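Descriptive analysis of the structure
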Amino acid sequence: MDADLQGQVALVTGGGRGIGRNIALELAAAGARVAVAARTRDEIEETAQEINGLAIECDVSDRVSVEHMVRLAESELGPIDLLVANAGISIDEDAAWELDPTDWWRVFEVNVLGVYLCCRAVIPGMLERGRGRIVNVASGAAYLPGSKSTAYSASKAAVHRFSETLANQLEPHGIPVFSISPGLVRTRMTDSGDDLPWTPPELAPRLVRALASGRLDRLAGRYLHAEHDDVDDLAVRADEIVENDLNAIRLRR
């Protein structure tokens, strides 16, 4: 990867383990100063120490907590150039009607409200400075058949649609917003056996690094898949993708 992020400041939510941790490591390796945020202090401390970054405890579903996170990140590291809204949860679900509604709705509070609150907190500063990028982590569960969780799949569909629409709102201001699927990465949340087509864990971090570099700004609002979309191919085909409305979740009739 030739994406040099020297001088950039990145904030990664859900950065203590799994996909978020790998993204934080990749961004730091590219030269970015990285703040990692999550609810579990021990995990984010470990990641932050490894990359000489900043650990911030945060509940992304709480507005006060999110606004404190952004203020602390910017006071310690500088203005945020990149938000990676990765924090997310799922729920064991066989029959939606048997779940406690509070548990079902909690998935939306973290996965959807959390993304909105984080975006809302960083956008004013990005607008003031005239620069910044946002990467929201969605999922193939947003559109693939066979999903077994109404809460998780619906929440990730909402994340993608939110990201696409927010990208349209911010386009005149030059703030690209991306929606990505990391693929089926084996993590504590997804691990259910050895016989699944697991996505190599390094692919999502590489995609985020490319997005942070500005190479793919033309594809703001598009749905980008860490395993199925090659970064170099995306860069070459960017105009074609936009002109033909590719990498988009659409109803075709």
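See the structure printed just above.
This structure is a prediction, so every number in the text was calculated from the model and none was measured.

Structural notes on the overall build of the protein chain
Helix and strand counts for the protein chain stand at eight helices and seven strands. In summary, the protein chain has a C-alpha radius of gyration of 17 Å against a globular reference of 18 Å for 253 residues, a match within 12%. In terms of overall dimensions, the protein chain has C-alpha extents of about 50 × 45 × 35 Å along its principal axes. Counting the 253 residues in the protein chain, one finds 51% classified as buried. Across the protein chain, contacts joining residues at least 24 apart in sequence account for 62% of those joining residues at least 6 apart. Summed over its atoms, the accessible surface of the protein chain is roughly 12,300 Å², and 48% of this surface lies on carbon and sulfur atoms. Counting 26 positive and 39 negative side-chain charges, the protein chain places the centres of these two groups 4 Å from one another.

Here we look at the packing of helix α4 (residues 101-129) against helix α5 (residues 150-170)
Two elements in contact, α4 and α5, have axes whose closest approach is 8 Å; the angle formed by their N-to-C orientations is 15°. As far as their axial angle goes, α5 and α4 are roughly parallel. Considering the relative orientation of α4 and α5, their crossing is right-handed. Contacts between α4 and α5 pair Trp104, Val107, Phe108, Asn111, Val112, Val115, Tyr116, Cys119, Ile123 and Leu127 from the former with Thr150, Ala151, Tyr152, Ala154, Ser155, Lys156, Ala158, Val159, Phe162, Leu166 and Leu170 from the latter.

Considering the packing of aromatic side chains
A complete count under the given rule lists five aromatic pairs for this structure. Relative to Phe108, the ring of Trp104 has its centre 5.0 Å away and its plane inclined at 20°; by these criteria the two rings are stacked. Of the two residues, Trp104 and Phe108 are both situated in helix α4; the distance of four residues between them amounts to about one turn of the helix. By relative accessible area, which is 25% here, Trp104 ends up partly exposed.

Regarding the nonpolar core
The biggest cluster of nonpolar side chains holds 38 residues, and the ones touching the most others in it are Leu11, Met69, Ile80, Leu83, Val122 and Ile134. Among the elements of the structure, β1 (9-13), β2 (33-38), β3 (54-57), α3 (63-77), β4 (82-85), α4 and α5 are those that each provide at least two residues to this core. If we skip the residues at most four places from it in the chain, Val122 touches Val70, Ile80, Leu83 and Ile134. Of all hydrophobic cores here, the second largest spans 37 residues; its members include Val137, Leu203, Leu211 and Leu234.

Some words on the pairing of β2
A regular strand places its side chains so that they alternate between the two faces of the sheet. Along β2, five of the six residues are buried, which leaves the element largely enclosed by surrounding structure. Of the pairings in the sheet, the one linking β1 to β2 comprises five bridges and is parallel in character. Residue pairing for β2: Leu11 is matched across the bridge by Ala35. On the question of chirality, the crossover connecting β1 to the parallel β2 by way of helix α1 (residues 18-29) is right-handed. By the bridge criterion, four bridges tie β2 to β3 in an arrangement that is parallel. Across the sheet, Val36 pairs through a bridge with Ala55, a residue of β3. One crossover worth recording links β2 to the parallel β3 by way of helix α2 (residues 41-51), and it is right-handed.

As for α3
Relative to the 21 Å expected for 15 residues at 1.5 Å per residue, α3 spans 21 Å between its end C-alpha atoms, a close match to the ideal helical length. Those residues of α3 not exposed but buried are Ser65, Val66, Met69, Val70, Ala73 and Leu77. Angular distribution of buried residues about the axis of α3 spans 135°; they occupy a single face of the element. Pointing more than 90 degrees away from the buried face of α3 are the exposed residues Val64, Arg71 and Ser75. Packed against the buried residues of α3 are β1, β2, β3 and α4. The backbone nitrogen of Val64 has a side-chain oxygen 3.3 Å away, supplied by the residue at the start of α3, namely Asp62. Within two residues after α3, Gly78 carries a phi angle of roughly 115°, on the positive side.

Quick look at the sheet that holds β2
Ordered in space as β3-β2-β1-β4-β5-β6-β7, the seven strands form an open sheet in which the pairing is parallel. Either end of the sheet is taken by a strand with one partner, and the two such strands are β3 and β7 (223-225). This sheet shows a mean twist of 20° between the axes of neighbouring strands, independent of strand direction. With respect to the sheet, α3 is in contact with β1, β2 and β3, its orientation differing from that of β3 by roughly 165°. α5 contacts β5 (133-137), β6 (177-181) and β7 of the sheet and is inclined by roughly 155° relative to β6.

Cut-off values and rules
Residues numbered from 1 in each chain as written. Predicted model: local features only at pLDDT ≥ 70, side-chain atom pairs only at ≥ 80, totals over all residues. Heavy atoms only, no water. Helix = DSSP H or I, 4+ residues; strand = E, 2+ residues; numbered from the N terminus. Rg over C-alpha atoms; globule rule 2.2 N^0.38 Å. Buried < 20%, exposed > 50% of the residue type's maximum accessible area, 1.4 Å probe, protein only. Contact = heavy atoms within 4.5 Å. Areas by Shrake-Rupley, 256 points an atom, 1.4 Å probe, with all protein chains shown as cover. Lys, Arg positive; Asp, Glu negative; His and termini not counted. Charge placed at Lys NZ, Arg CZ, Asp CG, Glu CD. Axes fitted to C-alpha atoms, helices over the stretch in contact; angles between N-to-C directions. Parallel < 35°, antiparallel > 145°, perpendicular 65-115°, else oblique. Left-handed = near helix turned anticlockwise from the far one by under 90°. Phe/Tyr/Trp six-rings, centres within 6.5 Å; stacked < 30°, edge-to-face > 60°. Core = buried A, V, L, I, M, F, W, Y, C linked by side-chain atoms within 4.5 Å. Pairing = 2+ DSSP bridges. Right-handed = clockwise from strand over helix to strand, strands pointing away. Expected span 1.5 Å × (residues − 1). Arc of directions from axis to C-beta. Polar contact = N/O pair within 3.5 Å; in protein donor to acceptor, adjacent residues only side chain to side chain.

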